[in-house]
Amino acid sequence: MPSPARKRVLLAAPRGYCAGVDRAVVAVEKALDHYGAPVYVRKEIVHNKYVVETLAARGAIFVDETDQVPEGARVVFSAHGVSPAVHASAAARSLQTIDATCPLVTKVHKEAVRFASDDYDILLIGHDGHEEVEGTQGEAPEHIQVVNSPDDVDAVVVRDPDKVVWISQTTLSVDETMETVRRLRERFPTLQDPPSDDICYATQNRQVAVKKLAPECDVVITVGSANSSNSVRLVEVALDAGARSSYRVDRAAEIDTAWFDGATTVGVTSGASVPEILVRDVLDLLAGLGFADVEEVRTATEDLMFSLPRELRSDLKKSGVDVRAPRRGARRDLDIQPV
């Protein structure tokens, strides 16, 4: 009788927290430690249910808009960024703001402002309704139109075909974005590129890692929330790269063990806003199903760090608190277990 096939897990690296997410989560944690609860947060600080639940348990209060924050209170803006109108609204209510916008998102905002000041039509490749897109579009709404996908290109209308530029949401599928750009360039041959790549390094790195492991996988599991654009993209990238099936879960409890019937190789990755504890829970579940052999598939090593938001850093310094940038690999796990 032939021996059963060896069951294994291919674990993507990089995965999980990126520098911008780490900075934003640490900002809320340190604000709670330094100022005390409550600390208000506009929108989800990052798109992950577990992180939001954890911070809420510590005293963070998540709101949709600044008018839900008591006048004069402290509010943290999420990693996805906000429009100038939101800053103005906060100022009108005398709110004490901590801007945890990812610096890579801020870069896109600055590009939008610069191209708008030069009177370009700006084609923002991204998803309507996503907080990052709303924030970027708010920098120059009269100049920016959102292009959701390659299929939207034919509907784009510009004032001057020779004065058009594209920019993008930072968490998109690299391949789909480039296909959208290709179609745009067919319509507008002099379409200008942004001065540097807008899709963030972490989004690209996680997609590259999944592309490498997916062809060998019967199943790929992406840990991440449904409103996390980069997590959803990883599910699609895995299928496009050759995985026979691909699923997204917030946590191990959502996994259907029937997904692994007949499988011998399972890929595991996680979106850029996912703490490692959730990945470990998935690996533990898989080990219980016989997938105890874990091989890491590494395509890049990330060492980028961002300083804490300026407003918080200033207050911490005055109190003699360490304000060195958080380091992903060394940060502690969030301390509330999944439910």
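A brief structural summary. Only a predicted model underlies this, so the values are computations on that prediction, with no experimental measurement involved.

### Points about the overall build of the chain
Along its length, the chain carries 10 helices and 12 strands. Scaling as 2.2 N^0.38, a compact globule of 339 residues should have a C-alpha radius of gyration of about 20 Å, and the chain matches this with 21 Å. Every one of the 339 residues in the chain was classed for burial, and the buried ones make up 53%. Within the chain, residue pairs in contact and separated by at least 24 positions form 76% of the contacts whose partners lie at least 6 positions apart. Surface accessibility of the chain: about 14,500 Å² in total, with carbon and sulfur atoms responsible for 49%. Of the side chains in the chain, 39 bear a positive and 53 a negative charge, and the two mean positions are spaced by 6 Å.

### What to know about the environment of Val158
Its location among the elements puts Val158 in the loop between strand S7 (144–147) and strand S8 (164–168). A relative accessible area of 16% means that Val158 is categorised as buried. Each C-alpha atom, one on Val158 and one on Glu254, is 45 Å from the other, the two residues being 96 residues apart in sequence.

### Focus on the sheet that holds strand S5 (residues 96–99)
Taking strand neighbours across the sheet as the criterion, the 4 strands line up as S3-S2-S4-S5 in an open arrangement whose pairing is parallel. Either end of the sheet is taken by a strand with one partner, and the two such strands are strand S3 (60–63) and S5. Strand-to-strand twist of the sheet, defined as the mean angle between neighbouring strand axes without regard to direction, takes the value 30°. Pairing of strand S2 (residues 39–42) with S3, which is carried by 4 bridges, proceeds in the parallel orientation. Across the sheet, the residue bridging to Val41 is Phe62, located in S3. Docked against the sheet, helix H3 (residues 84–92) engages S2, strand S4 (74–77) and S5, running at close to 175° with respect to S4.

### Details of helix H2 (residues 49–58)
For H2, the set of buried residues is Tyr50, Val51, Val52, Thr54 and Leu55. In this structure, the buried residues of H2 make contact with helix H1 (19–35), S3 and helix H9 (276–288). Taking the backbone nitrogen of Tyr50 as reference, a side-chain oxygen 3.1 Å away marks Asn48 as the first, capping residue of H2. Looking one or two places after H2, you find Gly59, whose phi comes out positive at around 120°.

### Description of the pattern of salt bridges
Any two side chains of opposite charge can pair, given that their charged atoms come close. Here the structure, examined in full by the defined rule, presents 27 salt bridges. Linking Asp33 and Arg58 is a salt bridge whose minimum nitrogen-to-oxygen distance equals 2.6 Å. Of the two residues, Asp33 sits in helix H1 while Arg58 sits in helix H2, which places them 25 residues apart along the sequence. Ionic contacts of the salt-bridge type, sharing partners, join the residues Arg6, Arg8, Glu216, Asp293 and Glu295 into one network.

### Re the packing of H1 against H2
Here H1 crosses H2 at 10°, and the two axes come no closer than 10 Å. It follows from the interaxial angle that H1 and H2 lie roughly parallel. Residue-level contacts link Val25, Val28, Glu29, Leu32 and Asp33 of H1 to Val51, Leu55 and Arg58 of H2. Here the contact of H1 with H2 is built from residues that sort into 5 nonpolar, no polar and 3 charged.

### Some remarks on the nonpolar core
Ranked by size, the top nonpolar core spans 33 residues in total, and within it Val28, Ile45, Val46, Val51 and Val76 carry the most contacts. If you list the elements that add at least two residues to this core, you get H1, S2, H2, helix H4 (103–117) and helix H10 (310–318). Broken down by element, the residue count for this core peaks at 9 residues, all from H1. One finds Ala263, Leu278, Leu286 and Phe291 within the second-largest nonpolar core, a separate group that totals 21 residues.

### Details of the sheet that holds strand S12 (residues 293–298)
The 5 strands are arranged S10-S9-S11-S1-S12 in an open sheet whose pairing can be described as parallel. Unpaired on one side and paired on the other, strand S10 (246–249) and S12 mark the two borders of the sheet. Neighbouring strand axes in the sheet, compared pairwise and without regard to direction, differ in orientation by 25° on average. Where strand S9 (residues 219–223) lies against strand S11 (residues 265–270), 5 bridges are found, and the strand directions are parallel. Bridge pairing in S11 links Val219 to Val266. In this fold helix H8 (residues 229–240) packs onto S9, S10 and S11, with an angle of close to 165° to the strand it touches most, S10. Packed onto the sheet, H9 meets strand S1 (8–13), S9 and S11 and runs at close to 165° relative to S11.

### A closer look at the packing of aromatic side chains
Taken as a whole and assessed by the stated rule, the structure comprises 3 aromatic pairs. When the ring of Phe115 is compared with that of Tyr120, the centres are 5.6 Å apart and the planes differ by 75°; the resulting orientation is edge-to-face. As far as the burial class goes, Phe115 and Tyr120 line up, both buried. The residue whose ring lies beneath Arg114 is Phe115, and the NZ or CZ to ring-centre distance is 4.7 Å.

Conventions used here
- Here, residues in each chain are numbered from 1, in the same order as that chain's written sequence.
- It should be noted that, the model being predicted, local features are given only for residues of pLDDT at least 70 and side-chain atom pairs only at 80 or more, the latter also being counted only at that level, while totals for whole chains, interfaces and linings use all residues.
- Side-chain calculation: all heavy atoms of the structure are included, whereas hydrogens and water are not.
- The helix and strand labels rest on DSSP assignments: H or I over at least four residues marks a helix, E over at least two residues marks a strand, and numbering proceeds from the N terminus.
- Atoms counted for the radius of gyration: C-alpha only. Globule rule: 2.2 Å times residue count to the power 0.38.
- Only protein chains enter the calculation, and the probe is 1.4 Å; a residue is then buried if its accessible area is under 20% of its type maximum, exposed if over 50%, and partly exposed in between.
- Any two residues having at least one pair of non-hydrogen atoms within 4.5 Å are treated as being in contact.
- The method behind every accessible area is Shrake-Rupley, applied with a 1.4 Å probe, and residues are considered shielded solely by the protein chains displayed.
- Neither His nor the chain ends is counted toward charge; the positive residues are Lys and Arg and the negative residues Asp and Glu.
- A charged residue contributes its charge at one atom only: NZ of Lys, CZ of Arg, CG of Asp or CD of Glu.
- DSSP-based pairing: two strands are paired if at least 2 bridges between them are found.
- Only the stretch in contact is used when a helix axis is fitted, and all axes are lines through C-alpha atoms; the angle between N-to-C directions ranges over 0 to 180 degrees.
- Distance and chemistry together define a polar contact, namely a pair of N or O atoms within 3.5 Å, with one atom able to donate a hydrogen and the other to accept it when in protein, and with adjacent residues in sequence counting only for side-chain atoms on both sides.
- What makes a salt bridge here is a side-chain nitrogen of Lys or Arg within 4 Å of a carboxyl oxygen of Asp or Glu, nothing more.
- Working rule for angles: under 35 degrees goes down as roughly parallel, over 145 as roughly antiparallel, 65 to 115 as roughly perpendicular, anything else as oblique.
- Under the convention adopted here, Pro, Cys and the residues Ala, Val, Leu, Ile, Met, Phe, Trp and Tyr are nonpolar, Asp, Glu, Lys and Arg are charged, and Gly plus all remaining residues are polar.
- Throughout, nonpolar core names a set of buried Ala, Val, Leu, Ile, Met, Phe, Trp, Tyr and Cys residues whose side chains join them through atoms within 4.5 Å.
- Pairing of aromatic side chains here covers Phe, Tyr and the six-membered ring of Trp, requires ring centres within 6.5 Å, and sorts the geometry by plane angle: under 30 degrees stacked, over 60 edge-to-face, intermediate tilted.
- In this scheme, Lys NZ or Arg CZ marks a charge over a ring once it lies within 6 Å of the ring centre and within 35 degrees of the ring normal.

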